[in-house]
Amino acid sequence: MTGQTGRAFALAVFLLGPASADDIPANQRLSGYDMMGAEAQAMQRDDFANPAMLAVKEGEGLWKAAPAEGRPSCQSCHGDAAATMKGVAARYPAREASTGRVLDLPGRVQACQTERQGVAPVARDSTGLLALEAYLALQSRGLPLASPRARGLEDAASRGEALYRQRFGQLDLSCAQCHSQNWGRSLGGTRIPQAHPTGYPLFRMEWQAIGSLQRRLRNCMTGIRAEPFPAGAPEWIDLEIYLKERAAGMAMDAPAVRP
Amino acid sequence: MPVSRPPDPENGRRIVVDRRKGLCLLCHSGPFPEVRFQGDLAPSLAGAGSRWNPAQLRARLIDSRLFNGETIMPPYFRAEGQFRMAGAFKGRTILTAEEVEDVTAFLSTLRE
């Protein structure tokens, strides 16, 4: 083999090899919680101090209430969320068996609203939807994120990985260049996390609000001066699926707090 | 590159420390005592003018990819080829040709 073909061969093996060959080894993964300061950690741990718990309370109310006169509440179909919704957020996005479509958690809630409750779905990133997401996420707190590849989402995970490694925007940077290759370093004073989506929806101090994973990803995209995908676009869901594959097995800490 | 005026190293310094314009200190550090938060993703800019001549500095600003295909340093004078460029930036370079010359002139003064 000449040097050239040798390199091409090595590249092909690398591209076909395990997805995480050049990523963070499983035993070195750290969540955003692990990497943040003690003060923010203490705020997250204390349910009375964690501002995201307000959204959880609101979500509990929405879970139990009829969405409109004579329409069924979430609870009237699903019962006690502490029992029936345990672990659900940890395995979303998921493929719906009856239709084959892949839904993320907010998409699932919206589908139940239109198809089961017969009401107009609440918008993504509205306080009402974030509240329901936060309430559902709480039911998975401490549980490990499930592997999407192991649940038949290989194709979506591969598309998501390609996006994760794609350079974007005027600054021409990829997610991987910051989060796999330079995590832990200081980007103008901000410590770059490993981008594990364990805590969403979460209260971000910079936002002074609870926000979704898509909002976080949108921030990273606009930071590199790239055009974000439209809300709910399949590309976001593919990216989320890949991020969850990278983070499979890590414990959920939603609803979290981040700086 | 064709430019409309002589380089202004003082403007170059302003661009380098500006987090929205040059963005340099998001990744680099350097002799800028007034900037509290500097990056550590890239080598210090201190002494850049002793390590590289103006032509080399200019080329790195224009497009660092030419020297290191994997670099994280943004291409400051390339308007095309980036994926999904945000609407407001479409077809535009990060710096103008004049600003590239200003920064080059400023970096040339950074001698250890």
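Structure shown above.
What counts, and at which threshold
Residues numbered from 1 in each chain as written. Chains lettered and ligands numbered in written order. Predicted model: local features only at pLDDT ≥ 70, side-chain atom pairs only at ≥ 80, totals over all residues. Heavy atoms only, no water. Helix = DSSP H or I, 4+ residues; strand = E, 2+ residues; numbered from the N terminus. Rg over C-alpha atoms; globule rule 2.2 N^0.38 Å. Buried < 20%, exposed > 50% of the residue type's maximum accessible area, 1.4 Å probe, protein only. Contact = heavy atoms within 4.5 Å. Areas by Shrake-Rupley, 256 points an atom, 1.4 Å probe, with all protein chains shown as cover. Buried area = accessible area lost by both parts, 1.4 Å probe. Salt bridge = Lys/Arg side-chain N within 4 Å of Asp/Glu carboxyl O. Nonpolar A, V, L, I, M, F, W, Y, C, P; charged D, E, K, R; others polar. Core = buried A, V, L, I, M, F, W, Y, C linked by side-chain atoms within 4.5 Å.

1. Some words on the overall build of chain B
Thinking step 1. Summing up its helical and strand segments, chain B has 5 helices and 0 strands in all.
Thinking step 2. Reading the secondary structure of chain B in the N-to-C direction produces α-α-α-α-α.
Thinking step 3. On C-alpha atoms alone, chain B measures out to a radius of gyration of 14 Å, which is about the 13 Å that the 2.2 N^0.38 rule sets for 112 residues.
Thinking step 4. Principal-axis analysis of the C-alpha atoms gives chain B an extent of 40 × 30 × 25 Å.
Thinking step 5. Counting all 112 residues of chain B, 44% fall into the buried class.
Thinking step 6. Taking as baseline every contact in chain B between residues at least 6 positions apart, the subset at least 24 positions apart corresponds to 43%.
Thinking step 7. Roughly 6,100 Å² of accessible area belongs to chain B as shown, and the carbon and sulfur atoms make up 56% of that amount.

2. Digging into the interface of chain B and chain A
Thinking step 1. Each partner contributes residues to the interface: chain B has 29 residues there, and chain A has 22 residues.
Thinking step 2. Summing both partners gives a buried area of about 2,100 Å² for chain B against chain A, and 53% of it is carried by carbon and sulfur.
Thinking step 3. Interface area lost by chain B to chain A is led by B:Leu41, B:Phe83 and B:Arg84, which between them contribute 30%.
Thinking step 4. A salt bridge links B:Arg78 to A:Asp172; the shortest N-O distance between them is 3.1 Å.
Thinking step 5. The class makeup of the residues in the side of chain B that touches chain A is 14 nonpolar, 7 polar and 8 charged.

3. Comments concerning the pattern of salt bridges
Thinking step 1. Across all of its chains, the model carries 24 salt bridges over all chains by this definition.
Thinking step 2. Residue B:Asp102 pairs with B:Arg5 through a salt bridge whose shortest N-O separation is 2.9 Å. Here B:Arg5 lies in the segment before α1 (9-17) and B:Asp102 lies in helix α5 (residues 97-108), a separation of 97 residues in the sequence.
Thinking step 3. Judged by relative accessible area, which is 0%, B:Asp102 ranks as buried.
Thinking step 4. Here B:Arg5 falls in the partly exposed class, since its relative accessible area comes to 33%.
Thinking step 5. Through salt bridges with shared partners, one network takes in A:Arg167, A:Asp172, B:Asp63, B:Arg65 and B:Arg78.

4. Some points on the nonpolar core
Thinking step 1. Within the largest apolar cluster, 46 residues are counted, with the highest numbers of intra-cluster contacts made by B:Val16 and B:Leu107.
Thinking step 2. Setting aside chain neighbours within four positions, we find B:Val16 in contact with B:Cys24, B:Leu25, B:Phe32, B:Leu45, B:Val103 and B:Phe106.
Thinking step 3. Judged by nonpolar contacts, the second largest core, of 31 residues, contains A:Val56, A:Cys74, A:Leu129 and A:Ala247.

All we've got here are geometric facts, nothing functional implied.
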